[in-house]
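Here is how the chains run, residue by residue.
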Amino acid sequence: MSTPATPFVKSMQAAAVSGLPGSGLAWLDETRRDALQAFIDRGLPEARNELWKYTALRALQQRAYAPRDEDAASRSVPDDLLRLDGCEGPRAVFVNGAFRADLSRLGDLQDGITLQPLSEALRHQSEPLRFLLAARADDDEDGLTLLNRALAADGLIVRVADGVHAYQPFRVVHVGMSAGSAVAWHLRDLIELGEGASLAVIEHHVGDETSGHLANLVRGVTLRANAQLGWTVVQRASQDATLLRRTDCVLHDDATLDFHALEVGGKLARHELRVDLAGARARFASRGAFVLDGRQHCDSEVLVTHRGRDTLSDSLWRGVAGDRARGVVHGRILVEPGADGSDGSFYNKNLLLSPTAEIDTRPALEIYADEVKANHGATVGQLDEGVLFYLRSRGIPLDVARRMLVRAFCAVTLDGIRSAPLREFCEALLAEQLPEAQA
Amino acid sequence: MLKIENLHARVAGKEILKGLSLEAKPGEVHAIMGPNGAGKSTLGNVLAGRSGYEVTQGTVTFDGKNLLEMEPEARAAAGVFLAFQYPVEIPGVNNTYFLRAALNAQRKGRGETELDSMQFLKLVRERVKEMGMTPDLLNRAVNEGFSGGEKKRNEVFQMAVLEPRLGILDETDSGLDIDALKQVAEGVNRLRSPERSFLVITHYQRLLDYIVPDFVHVLADGRIVESGDAKLARELEAHGYAWVRDRTPKEAHA
């Protein structure tokens, strides 16, 4: 079965022959060909795929994207977009999908931490990547992951050696800037923390007002025994941007992943976060919120698999949608046979600020082990009129009262961000983005 | 200061207030007593501007202005404060932040300069001390996890910070033990002044032993059926509300 050659598919086929970094390496060419064919066969994910049930890509099918922004290397980016006060550590900046050494700060990395753009690694030391990139398409992969495999031109390879503790957070900034036409880029990141290593990563998405690009990001994260990764997503992509992300994390014995997300940007933003608690006592905590307005669509998929014994997962998400926005939250906890002593929870509360907004939330548990604790819950509601009246009766105007309550509603997801400047940045971003609620 | 004339109000289509009239002058404390269902809380909510309370007839003026036309926040800025019968919990909203936003919104509404955080902190710390509250209250979320008594004291504390011209206490005594009742009453008494009036809505006479009113009104079936001085409260306590009903059959059941 073949996907009809929609404008989208045609533009992706054109991108494949446009000269990608590393082309000419036989194994890589073959991997890319194989993945592109699998994509053409499989097509973009559709609603019958459980993980895409509420996020339709029909509109995407009709769009054609340029394979790259020819001026990405020189395009100027306002300083303000890149700013994150108080987090002035190392950073890697991608502009319209192209790595920008001039805007990045990777000069004096701490010993034991290596960081390399994928494009550079493919040019100079491709062989070690063969094992990571040359996998054949498996049944579980959706069309976007296949596209990424076929077309990824860049990304980051980050390694932290055994026992090394990064003393500064490392920030990856994805910038979308208006170009002549809408561009699609596919980035592939590989992050590995050695035994007992620790690192904090900030994934930061920004853009100018009108860039309608497509970013397709696929990340693989490996945490060796006792490693600790803190990951904070601050997403304020352009209001016309399409941002599709998938992150696969594998946690070995006693490893810890502490994840935070604040999503306020993009026209269509989706993150499929898969966490495999493979090792005993591996721990995953996530706190996330999206605040949507206009016709924004945001989909947060948090898929946790408990495989090791005594593993722990604990997720708390908040969704806020105003106007005609649409939010999707899917929290799934799968406890594999043998993962005894697992403890998983997923809680999600949502707030609708207008009668035309919609949020679909699905907490799901699948348990195949004994001696397991698992809890989940989800609600969708509106601002409490009684609480609003209480605030107003004290003199606080209605619009201020609404913002105050929405902020409070999301606060629980930001409270745990360890870096104070980062937490304050997120709080300010949240305050700034709060939609004006309709009466 | 406050003038209520022939007030009729409906809640969910049911007429609760049926021609209530009352006038409070600056500095006066008026107690409103009455049996359950008489319309006591409806009166407080109508005055504060809660939605769902429909005024069908009558007028309420506050300093000569039509109070019923004002939004709840404008009423607060004008100096009306309702101490809630059931104060709400607001998780995630810090007490200090909330009070400062409230005070500054009111000051702004009155055309006064807003207080900066230092000025504000000085003010609330003084009030905390005066009210005998624990200072950690300021760092907690509004009413979150507070006991019933703490919530009621917090209402009076907020009133002390916001310094309204009219304080309406809606059954502030309900659910309080005697010590908490005394503390609340002391807080209110400290706020009594020649410029400030109070409506003390209560079911029981007990609170009025501590907040001695200038006037006592008995509210029954949506209107005031008896008015007197503080002695009236004690008579009610001795005889029960049936006594008032029996004394005023024509008016109460007209």
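None of the values given here were measured: they were computed from a predicted structure. Note that residues are indexed from 1 along each chain, following the sequence as it is written. Lettering of chains starts at A and numbering of ligands starts at 1, both following the order in which they are written. Local features are withheld for residues below a pLDDT of 70 in this predicted model, meaning they are given only at 70 or higher, and side-chain atom pairs are given and counted only at 80 or more; totals for whole chains, interfaces and linings count all residues.

Undergrad: So what exactly am I meant to see when it comes to the overall build of chain B here?
TA: Here a strand is any run of E in DSSP of at least two residues, a helix any run of H or I of at least four, and the numbering for each starts at the N terminus. Scanning chain B for helices and strands turns up ten helices and twelve strands. Each principal axis of the C-alpha atoms in chain B carries an extent, and together these give about 60 × 40 × 35 Å. As a rule, residues whose C-beta atom has 12 or fewer other C-beta atoms within 10 Å are exposed, those with 20 or more are buried, and those in between are partly exposed; C-beta atoms are placed from the backbone. When each of the 254 residues of chain B is scored for burial, the buried share is 44%. Sequence-distant contacts in chain B: of pairs separated by 6 or more residues, those separated by 24 or more amount to 71%. Residue pairs are scored as contacts if the distance between their C-beta atoms, which are placed from the backbone, is within 7 Å.

Undergrad: How do you make sense of the overall build of chain A when you look at a structure like this?
TA: On a plain count of helices and strands, chain A comes out with ten helices and 19 strands. Only C-alpha atoms enter the radius of gyration; for comparison, a globular chain is expected to reach 2.2 Å times N to the power 0.38, where N is the number of residues. Relative to the globule expectation of 22 Å for 439 residues, the C-alpha radius of gyration of chain A, 21 Å, shows essentially globular dimensions. Here the C-alpha coordinates of chain A stretch approximately 70 × 55 × 50 Å along the principal axes. Expressed as a percentage of its 439 residues, the buried residues of chain A come to 53%. Residue pairs in contact within chain A that sit at least 24 positions apart in sequence constitute 85% of those at least 6 positions apart.

Undergrad: Explain the interface of chain B and chain A here, please?
TA: How big an interface is tends to be reported as the loss of accessible area on association of its parts. Between chain B and chain A, the residue contacts involve 21 residues of the former and 18 residues of the latter. For the side of chain B that touches chain A, the secondary structure elements donating two or more residues are α2 (72–78), β7 (90–94), α3 (95–109) and α5 (148–162) of chain B. Looking at the side of chain B that touches chain A, its residues break down into 14 nonpolar, five polar and two charged. Residues are grouped as follows: Ala, Val, Leu, Ile, Met, Phe, Trp, Tyr, Cys and Pro are nonpolar; Asp, Glu, Lys and Arg are charged; every other residue, Gly included, is polar.

Undergrad: Help me understand the pairing of strand β12 (residues 223–228) of chain B in this model?
TA: A regular strand places its side chains on the two faces of the sheet in alternate fashion. Residue and element names in this part refer to chain B. Pairing between strands is defined by DSSP: at least two bridges between them are needed. In terms of strand pairing, strand β11 (residues 215–220) meets β12 through five bridges, oriented antiparallel. Across the sheet, the residue bridging to L219 is I224, located in β12. Linkage of β11 to β12, two consecutive antiparallel strands, is achieved through a turn of two residues, within which D221 is found at a positive phi near 50°.

Undergrad: Where do I start with the sheet that holds β12(B) in this structure?
TA: Residue and element names in this part refer to chain B. Pairing within the open sheet is mixed, and its six strands lie in the order β6-β9-β10-β3-β11-β12. Each edge of the sheet is formed by a strand with only one pairing partner; in this case those strands are β6 (80–83) and β12. When strand polarity is set aside, the average angle formed by the axes of neighbouring strands in this sheet is 20°. Each of β6 and β9 (166–170) is contacted by α5, which is oriented at about 165° to β6, the strand it contacts most. A fitted line through C-alpha atoms serves as each axis, taken over the contacting stretch for helices, and the angle formed by two N-to-C directions is quoted from 0 to 180°.

Undergrad: Hey, could you run me through the confidence of the model for chain B in this one?
TA: Low-confidence regions, as indicated by low pLDDT, have predicted coordinates that should not be scrutinised in detail. Residue and element names in this part refer to chain B. Confidence scores labelled pLDDT are given residue by residue by the predictor and lie between 0 and 100. Across chain B, the average pLDDT comes to 91, with 97% of residues at 70 or higher. No element of chain B has a lower mean pLDDT than helix α10 (residues 249–252), which averages 46, and none a higher one than β6, which averages 97. Contacts from residues 249–254, a stretch scored under 50 in pLDDT, to residues over four places away or in other chains number five contacts. Per the prediction output, this complex has pTM 0.88; the corresponding ipTM is 0.95.

Undergrad: What exactly am I supposed to notice about the environment of A:G19 here?
TA: Its location among the elements puts A:G19 in the loop between α1 (7–16) and α2 (26–42). Placed 320 residues apart in sequence, A:G19 and A:A339 show a C-alpha to C-alpha distance of 46 Å.

Undergrad: Quick question: what am I supposed to make of the environment of B:A105 here?
TA: The residue B:A105 is located in helix α3 in this model. For the pair B:A105 and B:E73, spaced 32 residues apart in the sequence, the C-alpha separation amounts to 8.5 Å. Residues in contact with B:A105, not counting those within four places in the same chain, are A:G395, A:I396, A:P397, A:V400 and B:E73.

Undergrad: Just checking my understanding: could you explain the packing of helix α8 (residues 385–393) of chain A against helix α9 (residues 398–414) of chain A for this structure?
TA: Between two packed helices, what matters for the description is the angle formed by their axes and the separation of those axes. All names here are of chain A. Packing of α8 against α9 brings their axes to within 9 Å, and their N-to-C directions diverge by 125°. It follows that α8 is oblique to α9 by the angle criterion. By crossing handedness, the relation of α8 to α9 is classed as right-handed. In this structure, α8 uses V387, L388, L391 and R392 to contact α9, whose residues at the interface are L398, A401, M404 and L405. Partitioned by chemical class, the residues of the contact of α8 with α9 number seven nonpolar, no polar and one charged. These descriptions rest on fixed angle ranges, namely under 35 degrees for roughly parallel, over 145 for roughly antiparallel, 65 to 115 for roughly perpendicular, and the rest for oblique. Crossing handedness is defined as follows: a turn of the near helix away from the far one that is anticlockwise and smaller than a right angle gives a left-handed crossing, while the clockwise case is right-handed.

Undergrad: Explanation requested: the nonpolar core in the structure shown.
TA: Burial of nonpolar side chains together is a common tendency in soluble globular proteins. Structurally, a nonpolar core is described as a collection of buried Ala, Val, Leu, Ile, Met, Phe, Trp, Tyr and Cys residues joined by way of C-beta atoms within 7 Å. With 200 residues, the main nonpolar core has A:L223, A:L251, A:V320, B:I168 and B:V200 as its most contacted residues. The greatest single-element share of this core, amounting to seven residues, is contributed by α9(A). Once residues within four sequence positions are removed from consideration, B:I168 is found in contact with B:G44, B:L47, B:A48, B:F81, B:L82, B:A83, B:L199 and B:I201.

Undergrad: What is the right way to read the sheet that holds strand β3 (residues 113–117) of chain A from this model?
TA: Whenever strands of a sheet pair, they do so through backbone hydrogen bonds, lying parallel or antiparallel. All names here are of chain A. Read across the sheet, nine strands follow the order β3-β4-β6-β8-β10-β12-β14-β16-β18 without closing on themselves; strand pairing throughout is mixed. Of all strands in the sheet, those bounded by a partner on one side alone are β3 and β18 (358–367). If you compare each strand with its neighbour and ignore which way they point, the axes differ by 5° on average. With respect to the sheet, helix α7 (residues 143–151) is in contact with β6 (184–193), β8 (214–223) and β10 (242–251), its orientation differing from that of β8 by roughly 90°.

Undergrad: Help me out: how do you make sense of the packing of α5(B) against helix α6 (residues 178–191) of chain B in this one?
TA: All names here are of chain B. With their axes 10 Å apart at the nearest point, α5 and α6 run at an angle of 5° to one another. If you check the angle between α5 and α6, you find them roughly parallel. Residue-level inspection shows G149, K152, R153, V156, M159 and A160 of α5 in contact with α6, the latter providing A180, Q183, V184, G187, V188 and L191. Residue classes in the contact of α5 with α6 are distributed as seven nonpolar, three polar and two charged.

Undergrad: Can you help me understand the pairing of strand β7 (residues 198–207) of chain A in this one?
TA: All names here are of chain A. Of all ten residues that make up β7, nine are buried, and the element is covered over most of its length. With seven bridges connecting them, strand β5 (residues 170–176) and β7 associate as parallel partners. Across the sheet, R171 pairs through a bridge with I202, a residue of β7. Relative to strand β9 (residues 228–235), β7 runs parallel, the two being bridged by eight bridges. Note that in β9 the partner of A200 across the bridge is G230.

Undergrad: Can you help me understand α2(A) in this one?
TA: Think of an α-helix as 3.6 residues a turn; residues three or four steps apart then line up on the same face. Residues and elements named next belong to chain A. When the terminal C-alpha atoms of α2 are compared, their 24 Å separation across 17 residues agrees well with the 24 Å that a helix rising 1.5 Å per residue should span. Among the residues making up α2, those that are buried are T31, R32, A35, L36, A38, F39, I40 and R42. The secondary structure elements touched by the buried residues of α2 are α1, α6 (130–133) and α7. A positive backbone phi angle near 75° is found at G43, which sits one or two residues after α2. Helix span, expected: 1.5 Å multiplied by one less than the number of residues in the helix.

Undergrad: Explain the environment of B:E15 to me, please; I cannot follow it from the model alone.
TA: All names here are of chain B. Structurally, E15 is set in strand β2 (residues 14–24). For the pair E15 and T56, spaced 41 residues apart in the sequence, the C-alpha separation amounts to 8.9 Å. Those residues in contact with E15 that sit more than four places away from it in its chain are H8, R10 and G222.

Undergrad: Explain helix α10 (residues 420–433) of chain A to me, please; I cannot follow it from the model alone.
TA: Residue and element names in this part refer to chain A. Over its 14 residues, α10 runs 20 Å from end to end, which matches the ideal 20 Å to within 8%, given 1.5 Å per residue. Of the positions making up α10, those classed as buried are L422, F425, C426 and L430. Considered in projection along α10, the buried side chains sweep an arc of 135° and stay on one side of the axis. In α10, the exposed residues that point more than 90 degrees away from the buried face are A420, A428 and E432. Elements in contact with the buried residues of α10: β7, β9, β11 (256–263), β13 (283–292) and α9. Directions pointing from the helix axis toward each C-beta atom define the arc.

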